[in-house]
Amino acid sequence: MDYTITLQPSGHAYACPPGTPVLKAGLDNGLFMPYSCRSGICRTCRATIVEGRVDYGDVHPSCLDEDDKRQGYALLCKATPLTDLVVQVNELDPSDAIRSKYMPARVLKMERAADDVMIVTLGLPMNEPTLFRAGQYLDILLQDGTRRSYSIASVPDNEGVRQVELHMRHLPGGRFTDHVFGAMKLREIHKLEIPLGSFFLREQSDKPMIMLASGTGFAPIKSLIEHALARGIRRPITLYWGGRKRTDLYLHDLAQSWADRHGHVRFVPVLSEPTPACAWTGRTGYVHLAAMEDFPDMSGHQVYACGAPVVVDAARRDYVARCGLPEDEFFADAFLTAADKR
Ligand SMILES: Cc1cc2nc3c(=O)[nH]c(=O)nc-3n(C[C@H](O)[C@H](O)[C@H](O)COP(=O)(O)OP(=O)(O)OC[C@H]3O[C@@H](n4cnc5c(N)ncnc54)[C@H](O)[C@@H]3O)c2cc1C
Ligand code: FES
(Lines give C-alpha, C1' and ligand atoms only; values in the text may rest on other atoms or scores of the structure.)
(Ligands and ions follow the chains in the order given, each with its own letter.)
Protein backbone atom coordinates (compact mmCIF):
# COMPACT_ATOMS: atom_id res chain seq x y z
CA MET A 1 0.00 0.00 0.00
CA ASP A 2 1.26 3.47 -0.89
CA TYR A 3 2.18 5.95 1.82
CA THR A 4 0.83 9.51 1.77
CA ILE A 5 3.39 12.30 1.75
CA THR A 6 2.16 15.76 2.72
CA LEU A 7 4.41 18.73 2.06
CA GLN A 8 4.56 21.79 4.26
CA PRO A 9 3.89 24.63 3.96
CA SER A 10 2.06 24.04 0.65
CA GLY A 11 -0.20 21.20 1.83
CA HIS A 12 0.46 19.32 -1.44
CA ALA A 13 -0.03 15.59 -0.89
CA TYR A 14 0.91 12.60 -3.02
CA ALA A 15 1.19 8.82 -2.89
CA CYS A 16 4.62 7.21 -2.53
CA PRO A 17 5.01 3.45 -3.09
CA PRO A 18 7.05 1.62 -0.43
CA GLY A 19 10.75 1.62 -1.34
CA THR A 20 10.44 4.68 -3.60
CA PRO A 21 12.43 7.80 -2.67
CA VAL A 22 10.22 10.64 -1.45
CA LEU A 23 11.75 12.96 -4.07
CA LYS A 24 11.12 10.63 -6.99
CA ALA A 25 7.48 10.05 -6.09
CA GLY A 26 6.97 13.81 -5.71
CA LEU A 27 8.50 14.56 -9.12
CA ASP A 28 6.47 11.73 -10.68
CA ASN A 29 3.38 13.41 -9.25
CA GLY A 30 4.18 16.73 -10.96
CA LEU A 31 5.52 18.47 -7.85
CA PHE A 32 8.90 20.21 -7.84
CA MET A 33 11.39 20.01 -4.99
CA PRO A 34 15.02 21.14 -5.11
CA TYR A 35 17.48 18.43 -6.20
CA SER A 36 20.69 17.97 -8.12
CA CYS A 37 22.81 14.78 -7.82
CA ARG A 38 20.04 12.32 -6.81
CA SER A 39 22.84 10.33 -5.16
CA GLY A 40 22.68 11.51 -1.56
CA ILE A 41 25.78 13.70 -1.80
CA CYS A 42 25.05 17.32 -2.73
CA ARG A 43 22.38 17.85 -0.02
CA THR A 44 20.29 20.07 -2.32
CA CYS A 45 17.26 17.88 -1.50
CA ARG A 46 17.66 18.11 2.29
CA ALA A 47 14.31 18.55 4.04
CA THR A 48 12.77 18.09 7.49
CA ILE A 49 10.61 15.11 8.38
CA VAL A 50 7.99 16.70 10.63
CA GLU A 51 5.91 13.55 11.20
CA GLY A 52 6.49 9.89 10.39
CA ARG A 53 9.51 7.67 9.89
CA VAL A 54 11.84 7.12 6.94
CA ASP A 55 14.56 4.73 5.89
CA TYR A 56 17.38 7.22 5.28
CA GLY A 57 18.88 5.08 2.51
CA ASP A 58 22.48 4.54 1.61
CA VAL A 59 23.89 7.96 2.61
CA HIS A 60 27.44 8.68 3.76
CA PRO A 61 27.60 10.22 7.29
CA SER A 62 29.50 13.21 5.87
CA CYS A 63 26.34 14.06 3.92
CA LEU A 64 23.81 13.29 6.67
CA ASP A 65 25.06 12.46 10.16
CA GLU A 66 23.29 11.25 13.30
CA ASP A 67 22.93 14.80 14.55
CA ASP A 68 21.18 15.79 11.30
CA LYS A 69 18.82 12.84 11.70
CA ARG A 70 18.06 13.81 15.29
CA GLN A 71 17.16 17.29 14.04
CA GLY A 72 14.72 15.66 11.62
CA TYR A 73 16.70 16.12 8.41
CA ALA A 74 16.63 13.59 5.57
CA LEU A 75 17.87 13.60 1.99
CA LEU A 76 14.72 13.15 -0.05
CA CYS A 77 16.51 11.64 -3.05
CA LYS A 78 17.44 8.66 -0.85
CA ALA A 79 14.86 8.58 1.94
CA THR A 80 11.99 6.12 1.51
CA PRO A 81 8.87 6.24 3.70
CA LEU A 82 8.18 3.71 6.45
CA THR A 83 4.91 5.45 7.41
CA ASP A 84 2.82 8.35 6.07
CA LEU A 85 4.94 11.50 6.24
CA VAL A 86 4.67 15.23 6.75
CA VAL A 87 7.72 16.89 5.20
CA GLN A 88 8.82 20.49 5.40
CA VAL A 89 10.60 21.45 2.20
CA ASN A 90 11.45 24.54 0.13
CA GLU A 91 9.12 23.49 -2.63
CA LEU A 92 9.41 25.10 -6.07
CA ASP A 93 6.47 26.29 -8.11
CA PRO A 94 5.03 23.16 -9.81
CA SER A 95 4.41 25.32 -12.91
CA ASP A 96 8.22 25.49 -13.28
CA ALA A 97 8.40 21.69 -13.36
CA ILE A 98 8.93 19.92 -16.67
CA ARG A 99 8.41 16.17 -16.43
CA SER A 100 11.57 14.40 -17.63
CA LYS A 101 11.38 12.01 -20.57
CA TYR A 102 13.54 9.25 -21.95
CA MET A 103 14.56 9.62 -25.58
CA PRO A 104 17.26 8.67 -28.05
CA ALA A 105 19.75 11.33 -29.17
CA ARG A 106 22.23 11.36 -32.02
CA VAL A 107 25.70 12.94 -31.90
CA LEU A 108 25.53 15.74 -34.49
CA LYS A 109 28.73 17.67 -33.81
CA MET A 110 31.93 17.33 -31.77
CA GLU A 111 34.15 20.40 -31.44
CA ARG A 112 37.38 20.35 -29.47
CA ALA A 113 37.25 23.61 -27.48
CA ALA A 114 40.43 22.78 -25.51
CA ASP A 115 42.70 19.75 -25.14
CA ASP A 116 40.34 18.36 -22.51
CA VAL A 117 37.02 19.98 -23.42
CA MET A 118 34.66 18.74 -26.13
CA ILE A 119 31.56 20.67 -27.13
CA VAL A 120 29.07 18.03 -28.21
CA THR A 121 25.82 18.79 -30.00
CA LEU A 122 23.13 16.14 -29.67
CA GLY A 123 20.16 15.90 -32.03
CA LEU A 124 16.86 15.11 -30.28
CA PRO A 125 13.75 13.53 -31.80
CA MET A 126 12.22 15.81 -34.45
CA ASN A 127 8.62 14.78 -33.84
CA GLU A 128 8.41 16.01 -30.26
CA PRO A 129 10.48 19.13 -29.46
CA THR A 130 12.07 18.96 -26.02
CA LEU A 131 11.42 21.43 -23.21
CA PHE A 132 13.87 22.37 -20.47
CA ARG A 133 14.73 25.34 -18.31
CA ALA A 134 17.94 27.30 -18.79
CA GLY A 135 20.52 25.74 -16.43
CA GLN A 136 19.05 22.22 -16.21
CA TYR A 137 20.95 19.05 -17.04
CA LEU A 138 20.34 15.72 -18.74
CA ASP A 139 21.48 12.18 -18.01
CA ILE A 140 23.13 9.92 -20.57
CA LEU A 141 22.26 6.30 -19.80
CA LEU A 142 25.23 3.98 -20.27
CA GLN A 143 24.93 0.34 -21.22
CA ASP A 144 26.06 -0.85 -17.78
CA GLY A 145 22.98 0.82 -16.27
CA THR A 146 24.89 3.78 -14.81
CA ARG A 147 24.33 7.37 -15.81
CA ARG A 148 26.40 10.45 -16.51
CA SER A 149 24.95 13.93 -16.07
CA TYR A 150 25.73 16.89 -18.33
CA SER A 151 24.43 20.43 -18.04
CA ILE A 152 22.75 21.86 -21.10
CA ALA A 153 24.73 24.81 -22.47
CA SER A 154 22.26 25.89 -25.13
CA VAL A 155 19.12 27.96 -24.58
CA PRO A 156 15.61 26.60 -24.21
CA ASP A 157 12.66 27.60 -26.35
CA ASN A 158 9.00 27.79 -25.36
CA GLU A 159 8.17 25.63 -28.36
CA GLY A 160 10.86 23.07 -27.46
CA VAL A 161 14.24 22.37 -29.04
CA ARG A 162 15.59 19.69 -31.39
CA GLN A 163 19.25 20.01 -30.39
CA VAL A 164 21.22 20.54 -27.19
CA GLU A 165 24.82 21.58 -26.66
CA LEU A 166 26.94 19.98 -23.92
CA HIS A 167 30.46 20.82 -22.68
CA MET A 168 32.34 17.70 -21.59
CA ARG A 169 35.65 17.67 -19.76
CA HIS A 170 37.87 14.63 -20.27
CA LEU A 171 38.62 12.80 -17.01
CA PRO A 172 41.34 10.30 -17.97
CA GLY A 173 40.25 6.83 -16.89
CA GLY A 174 36.63 7.96 -16.88
CA ARG A 175 34.33 5.43 -18.49
CA PHE A 176 32.25 7.84 -20.57
CA THR A 177 34.62 10.73 -21.28
CA ASP A 178 37.36 8.30 -22.37
CA HIS A 179 34.83 7.23 -25.00
CA VAL A 180 33.96 10.84 -25.93
CA PHE A 181 37.64 11.72 -26.44
CA GLY A 182 38.45 8.37 -28.07
CA ALA A 183 36.02 6.28 -30.06
CA MET A 184 32.92 8.49 -30.18
CA LYS A 185 31.62 8.93 -33.73
CA LEU A 186 29.24 11.34 -35.36
CA ARG A 187 25.70 9.94 -35.64
CA GLU A 188 26.11 7.46 -32.81
CA ILE A 189 23.02 7.13 -30.63
CA HIS A 190 22.69 7.52 -26.88
CA LYS A 191 19.71 7.25 -24.58
CA LEU A 192 18.89 10.31 -22.46
CA GLU A 193 16.69 11.40 -19.61
CA ILE A 194 15.94 15.12 -19.97
CA PRO A 195 15.45 17.61 -18.34
CA LEU A 196 16.66 17.19 -14.76
CA GLY A 197 17.55 19.32 -11.76
CA SER A 198 16.32 22.46 -10.06
CA PHE A 199 19.22 24.67 -11.16
CA PHE A 200 17.49 27.26 -13.35
CA LEU A 201 16.99 31.01 -13.50
CA ARG A 202 14.58 32.29 -10.83
CA GLU A 203 12.89 34.81 -13.13
CA GLN A 204 10.45 36.16 -10.54
CA SER A 205 13.34 37.71 -8.57
CA ASP A 206 14.76 41.15 -9.34
CA LYS A 207 17.97 40.68 -7.35
CA PRO A 208 21.36 41.17 -8.99
CA MET A 209 23.08 37.87 -9.78
CA ILE A 210 26.56 36.57 -9.11
CA MET A 211 27.36 33.66 -11.41
CA LEU A 212 30.23 31.39 -10.55
CA ALA A 213 31.59 28.82 -12.98
CA SER A 214 34.54 26.52 -12.62
CA GLY A 215 35.78 24.71 -15.73
CA THR A 216 32.91 23.17 -17.70
CA GLY A 217 30.60 24.59 -15.02
CA PHE A 218 30.46 27.37 -17.62
CA ALA A 219 27.97 25.25 -19.64
CA PRO A 220 24.77 25.90 -17.63
CA ILE A 221 25.89 29.45 -16.85
CA LYS A 222 26.11 30.09 -20.62
CA SER A 223 22.54 28.83 -20.94
CA LEU A 224 21.36 31.05 -18.06
CA ILE A 225 23.04 34.18 -19.38
CA GLU A 226 22.06 33.71 -23.03
CA HIS A 227 18.49 32.98 -21.92
CA ALA A 228 18.41 36.08 -19.69
CA LEU A 229 19.78 38.25 -22.52
CA ALA A 230 17.28 36.81 -25.02
CA ARG A 231 14.41 37.51 -22.59
CA GLY A 232 15.55 41.11 -22.05
CA ILE A 233 16.16 40.52 -18.33
CA ARG A 234 18.19 43.53 -17.15
CA ARG A 235 19.20 42.36 -13.67
CA PRO A 236 22.92 42.99 -13.13
CA ILE A 237 25.00 39.87 -13.75
CA THR A 238 28.60 39.46 -12.59
CA LEU A 239 30.13 36.31 -14.03
CA TYR A 240 33.20 34.79 -12.38
CA TRP A 241 34.74 32.00 -14.47
CA GLY A 242 37.67 30.15 -12.94
CA GLY A 243 40.18 27.69 -14.30
CA ARG A 244 43.75 26.74 -13.65
CA LYS A 245 45.14 27.89 -17.00
CA ARG A 246 44.02 30.22 -19.77
CA THR A 247 42.96 27.27 -21.96
CA ASP A 248 40.48 26.17 -19.26
CA LEU A 249 38.43 29.28 -20.14
CA TYR A 250 37.60 27.71 -23.47
CA LEU A 251 34.88 30.26 -24.46
CA HIS A 252 36.52 33.31 -22.88
CA ASP A 253 35.83 35.52 -25.90
CA LEU A 254 32.14 34.64 -25.91
CA ALA A 255 31.82 35.59 -22.23
CA GLN A 256 33.74 38.82 -22.88
CA SER A 257 31.41 39.63 -25.80
CA TRP A 258 28.38 39.54 -23.45
CA ALA A 259 30.08 42.08 -21.21
CA ASP A 260 31.14 44.23 -24.17
CA ARG A 261 27.62 44.35 -25.58
CA HIS A 262 25.54 44.58 -22.40
CA GLY A 263 26.16 47.23 -19.76
CA HIS A 264 24.54 45.13 -17.01
CA VAL A 265 26.88 42.15 -17.56
CA ARG A 266 30.39 42.05 -16.08
CA PHE A 267 32.88 39.25 -16.76
CA VAL A 268 35.69 38.43 -14.34
CA PRO A 269 37.94 35.58 -15.50
CA VAL A 270 40.17 34.15 -12.77
CA LEU A 271 43.11 31.76 -13.09
CA SER A 272 44.50 29.79 -10.16
CA GLU A 273 47.72 28.50 -11.76
CA PRO A 274 48.64 30.68 -14.75
CA THR A 275 51.93 29.84 -16.47
CA PRO A 276 54.05 32.25 -18.53
CA ALA A 277 52.46 30.68 -21.63
CA CYS A 278 49.08 32.02 -20.48
CA ALA A 279 50.39 35.62 -20.78
CA TRP A 280 47.79 36.38 -18.11
CA THR A 281 47.27 39.89 -16.78
CA GLY A 282 43.86 39.27 -15.19
CA ARG A 283 42.77 38.14 -11.71
CA THR A 284 44.50 35.19 -10.08
CA GLY A 285 43.63 32.92 -7.16
CA TYR A 286 40.54 30.90 -6.31
CA VAL A 287 37.48 31.96 -8.23
CA HIS A 288 35.04 31.77 -5.31
CA LEU A 289 37.31 34.06 -3.28
CA ALA A 290 37.46 36.61 -6.11
CA ALA A 291 33.68 37.01 -5.89
CA MET A 292 33.94 37.45 -2.10
CA GLU A 293 36.56 40.17 -2.48
CA ASP A 294 34.27 42.10 -4.81
CA PHE A 295 31.03 41.36 -2.92
CA PRO A 296 31.76 41.20 0.82
CA ASP A 297 28.01 41.76 1.35
CA MET A 298 25.86 39.36 -0.71
CA SER A 299 22.73 39.81 1.38
CA GLY A 300 20.83 41.36 -1.54
CA HIS A 301 22.06 38.94 -4.24
CA GLN A 302 21.33 35.60 -5.80
CA VAL A 303 24.23 33.26 -6.56
CA TYR A 304 24.25 30.63 -9.31
CA ALA A 305 27.29 28.32 -9.02
CA CYS A 306 28.34 25.33 -11.11
CA GLY A 307 31.28 23.04 -11.67
CA ALA A 308 33.89 21.41 -9.45
CA PRO A 309 32.28 20.22 -6.18
CA VAL A 310 35.10 21.75 -4.11
CA VAL A 311 34.39 25.21 -5.56
CA VAL A 312 30.61 24.91 -5.21
CA ASP A 313 30.89 23.65 -1.61
CA ALA A 314 33.30 26.42 -0.61
CA ALA A 315 31.08 29.05 -2.21
CA ARG A 316 27.95 27.77 -0.48
CA ARG A 317 29.68 27.67 2.90
CA ASP A 318 31.53 30.99 2.72
CA TYR A 319 28.93 33.11 0.97
CA VAL A 320 26.27 32.18 3.53
CA ALA A 321 28.52 32.28 6.63
CA ARG A 322 30.73 35.25 5.73
CA CYS A 323 28.91 37.36 3.15
CA GLY A 324 25.34 37.18 4.48
CA LEU A 325 23.90 35.44 1.42
CA PRO A 326 20.47 33.98 2.34
CA GLU A 327 20.84 30.18 2.09
CA ASP A 328 17.83 29.91 -0.20
CA GLU A 329 19.37 32.36 -2.69
CA PHE A 330 22.24 29.98 -3.51
CA PHE A 331 21.56 27.72 -6.49
CA ALA A 332 24.09 25.16 -7.65
CA ASP A 333 24.93 22.01 -9.52
CA ALA A 334 28.15 20.38 -8.32
CA PHE A 335 29.67 18.19 -11.04
CA LEU A 336 30.03 15.05 -8.94
CA THR A 337 31.57 12.05 -10.67
CA ALA A 338 31.16 8.32 -10.16
CA ALA A 339 34.27 8.48 -7.93
CA ASP A 340 32.54 11.06 -5.67
CA LYS A 341 29.46 8.88 -5.55
CA ARG A 342 31.28 5.75 -4.32
C1 LIG B 1 24.32 17.53 -12.07
C2 LIG B 1 25.63 17.23 -12.77
C3 LIG B 1 25.94 17.93 -13.93
C4 LIG B 1 27.15 17.68 -14.59
N5 LIG B 1 27.46 18.40 -15.70
C6 LIG B 1 28.66 18.23 -16.31
C7 LIG B 1 29.02 19.03 -17.44
O8 LIG B 1 28.25 19.87 -17.94
N9 LIG B 1 30.25 18.84 -17.98
C10 LIG B 1 31.14 17.92 -17.48
O11 LIG B 1 32.27 17.83 -18.02
N12 LIG B 1 30.81 17.14 -16.41
C13 LIG B 1 29.60 17.25 -15.83
N14 LIG B 1 29.25 16.45 -14.77
C15 LIG B 1 30.12 15.30 -14.42
C16 LIG B 1 29.73 14.11 -15.34
O17 LIG B 1 28.43 13.67 -15.02
C18 LIG B 1 30.66 12.89 -15.22
O19 LIG B 1 30.74 12.50 -13.87
C20 LIG B 1 32.06 13.15 -15.76
O21 LIG B 1 31.99 13.51 -17.13
C22 LIG B 1 32.94 11.91 -15.63
O23 LIG B 1 32.35 10.80 -16.28
P24 LIG B 1 33.24 9.57 -16.75
O25 LIG B 1 32.33 8.43 -17.05
O26 LIG B 1 34.20 9.98 -17.83
O27 LIG B 1 34.12 9.24 -15.49
P28 LIG B 1 33.89 8.16 -14.33
O29 LIG B 1 33.92 6.77 -14.87
O30 LIG B 1 32.67 8.55 -13.61
O31 LIG B 1 35.16 8.43 -13.46
C32 LIG B 1 35.45 9.75 -12.96
C33 LIG B 1 36.88 9.89 -12.54
O34 LIG B 1 37.08 9.09 -11.39
C35 LIG B 1 38.08 8.13 -11.60
N36 LIG B 1 37.55 6.92 -10.95
C37 LIG B 1 36.62 6.06 -11.41
N38 LIG B 1 36.38 5.13 -10.49
C39 LIG B 1 37.16 5.40 -9.42
C40 LIG B 1 37.37 4.80 -8.16
N41 LIG B 1 36.72 3.71 -7.79
N42 LIG B 1 38.23 5.39 -7.30
C43 LIG B 1 38.91 6.50 -7.65
N44 LIG B 1 38.78 7.10 -8.84
C45 LIG B 1 37.91 6.56 -9.71
C46 LIG B 1 38.21 8.00 -13.12
O47 LIG B 1 39.52 7.63 -13.50
C48 LIG B 1 37.90 9.40 -13.56
O49 LIG B 1 39.03 10.23 -13.50
C50 LIG B 1 28.06 16.69 -14.09
C51 LIG B 1 27.71 15.98 -12.94
C52 LIG B 1 26.52 16.25 -12.28
C53 LIG B 1 26.18 15.47 -11.04
S1 FES C 1 21.73 14.75 -2.08
FE2 FES C 1 19.75 14.51 -2.88
S3 FES C 1 19.84 15.54 -4.78
FE4 FES C 1 21.90 15.55 -4.11
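Small disclaimer: the values here were computed from a predicted structure and weren't measured. (Residues numbered from 1 in each chain as written. Chains lettered and ligands numbered in written order. Predicted model: local features only at pLDDT ≥ 70, side-chain atom pairs only at ≥ 80, totals over all residues. Heavy atoms only, no water.)

### Let's talk about the pairing of strand β9 (residues 117-123)
Just so we agree on the cut-off: Here's how the labels work: a residue is buried when its accessible area is under 20% of the maximum for its type, exposed when over 50%, partly exposed in between, all with a 1.4 Å probe on protein chains only. Each helix corresponds to a stretch of at least 4 residues labelled H or I by DSSP, and each strand to a stretch of at least 2 residues labelled E; elements are numbered beginning at the N terminus. For two strands to pair, DSSP has to find at least two bridges joining them.
Among the 7 residues that make up β9, 7 are buried, leaving the element largely enclosed by the rest of the structure. Burial of the side chains of β9 extends over both faces: Val117, Ile119, Thr121 and Gly123 are buried on one face and Met118, Val120 and Leu122 on the other. Alignment of strand β8 (residues 101-114) against β9, held across 7 bridges, turns out to be antiparallel. Pairing of Glu111 across the sheet is with Ile119, part of β9.

### Brief notes about the UniProt feature "domain: FAD-binding FR-type" (unreviewed entry) in the protein chain
Our working rule: UniProt positions are given in the numbering used here, feature names are shortened, and annotations may be inferred rather than shown by experiment.
UniProt records the feature "domain: FAD-binding FR-type" (unreviewed entry) at residues 100-202, using the numbering of this structure. The span residues 100-202 is 6% helical and 45% strand by assignment, and the distance between its end C-alpha atoms comes to 19 Å.

### Details of the nonpolar core
Burial of nonpolar side chains together is a common tendency in soluble globular proteins. For clarity, the threshold we go by: In these notes, a set of buried Ala, Val, Leu, Ile, Met, Phe, Trp, Tyr and Cys residues joined through side-chain atoms within 4.5 Å is what counts as a nonpolar core. Either an automatic procedure or a domain database provided the assignment from which the domain bounds are taken. In what follows, residue pairs with any heavy atoms lying within 4.5 Å of each other are defined as contacts.
In this structure, Tyr14, Leu76, Val87, Tyr240, Met298, Tyr319 and Phe330 are the most contacted members of the largest nonpolar core, which totals 57 residues. Looking at this core element by element, the count peaks at 5 residues for helix α7 (residues 309-323). A domain split of this core shows at least three residues from each of domain 1 (3-95) and domain 3 (209-341). Residues in contact with Leu76, not counting those within four places in the same chain, are Pro21, Val22, Leu23, Met33, Cys45, Ala47, Ile49, Val87 and Val89. Core analysis: the next-biggest nonpolar cluster, separate from the first, contains 31 residues, Ala114, Cys278, Tyr304 and Cys306 among them.

### What to know about the side chain of His264
Residue position: His264 is located in the loop between α5 (252-261) and β16 (265-271). Discounting residues that sit within four places of it in the chain, His264 has contacts with Leu229, Ile233, Arg234, Arg235, Pro236 and Ile237.

### A closer look at the pattern of salt bridges
Convention followed: Whenever a carboxyl oxygen of Asp or Glu lies within 4 Å of a side-chain nitrogen of Lys or Arg, that contact is scored as a salt bridge.
According to the stated counting rule, one finds 23 salt bridges in the structure shown. The salt bridge partner of Arg133 is Asp96, with a shortest N-O separation of 4.0 Å. In this pair, Arg133 is assigned in the loop between β9 and β10 (137-141) and Asp96 in the loop between β7 (85-88) and β8, connecting sequence segments 37 residues apart.

### Some details on the sheet that holds strand β5 (residues 73-75)
Let me state the cut-off plainly: Comment: axis = line fitted to C-alpha atoms, over the contacting stretch for helices; angle = value between 0 and 180 degrees taken between N-to-C directions.
An order of β2-β1-β7-β3-β5 is seen for the 5 strands of this open sheet, with the pairing classed as mixed. Of all the strands in the sheet, the pair left with one neighbour each is β2 (13-16) and β5. Pairwise comparison of adjacent strand axes, ignoring direction, gives a mean angle of 40° for this sheet. With 4 bridges connecting them, strand β1 (residues 3-8) and β2 associate as antiparallel partners. Its bridge partner lying in β2, Thr6 is registered against Ala13.

### A closer look at the environment of Asp178
Formally: Polar contacts here mean pairs of N or O atoms no more than 3.5 Å apart (in protein, one a potential hydrogen donor and the other a potential acceptor; neighbouring residues in sequence count only if both atoms are side-chain atoms).
Looking at the element boundaries, Asp178 is found in helix α3 (residues 175-180). When the C-alpha atoms of Asp178 and Gln88 are compared, they prove to be 42 Å apart, with 90 residues separating the residues in sequence. If near-sequence neighbours (up to four positions away) are discounted, Asp178 is found in contact with His170, Leu171, Pro172, Gly173 and Ala183. At a separation of 2.7 Å, a polar atom in the side chain of Asp178 contacts the side chain of His170.

### What about the pairing of β1?
A loop of 4 residues connects β1 with β2, the two strands running antiparallel in sequence, and Gly11 in this loop sits at a positive phi of about 85°. As paired strands, β1 and β7 are joined by 4 bridges and run parallel to one another. Note that in β7 the partner of Thr6 across the bridge is Val86.

### Let's talk about the packing of helix α4 (residues 218-230) against α5
So the rule is basically this: Roughly parallel here means an angle under 35 degrees, roughly antiparallel means over 145, roughly perpendicular means 65 to 115, and every remaining angle is called oblique. Handedness of a crossing is defined here by the sense of rotation of the near helix relative to the far one, left-handed for an anticlockwise turn of less than a right angle and right-handed for a clockwise turn. The nonpolar class holds Ala, Val, Leu, Ile, Met, Phe, Trp, Tyr, Cys and Pro. Asp, Glu, Lys and Arg form the charged class, and all remaining residues, Gly among them, are polar.
Here α4 crosses α5 at 25°, and the two axes come no closer than 12 Å. With respect to their mutual orientation, α4 and α5 come out roughly parallel. The hand of the α4/α5 crossing is left-handed. The residues of α5 that touch α4, namely those facing Phe218, Lys222, Ile225, Glu226 and Leu229, are Leu254, Ala255 and Trp258. Along the lines of polarity and charge, the residues of the contact of α4 with α5 split into 6 nonpolar, no polar and 2 charged.

### Structural notes on the sheet that holds strand β12 (residues 163-169)
Taken in spatial order, the 6 strands line up as β11-β10-β13-β8-β9-β12 in an open sheet, and their pairing is antiparallel. In the strand order of this sheet, the two ends are held by β11 (147-151) and β12, each with one partner. Across the sheet, the mean angle from the axis of one strand to that of its neighbour is 40°, orientation sign disregarded. Relative to strand β13 (residues 189-196), β8 runs antiparallel, the two being bridged by 6 bridges. Across the sheet, Lys101 pairs through a bridge with Ile194, a residue of β13. The strands that α4 touches are β11 and β12; relative to β12, the one it contacts most, it runs at about 145°.

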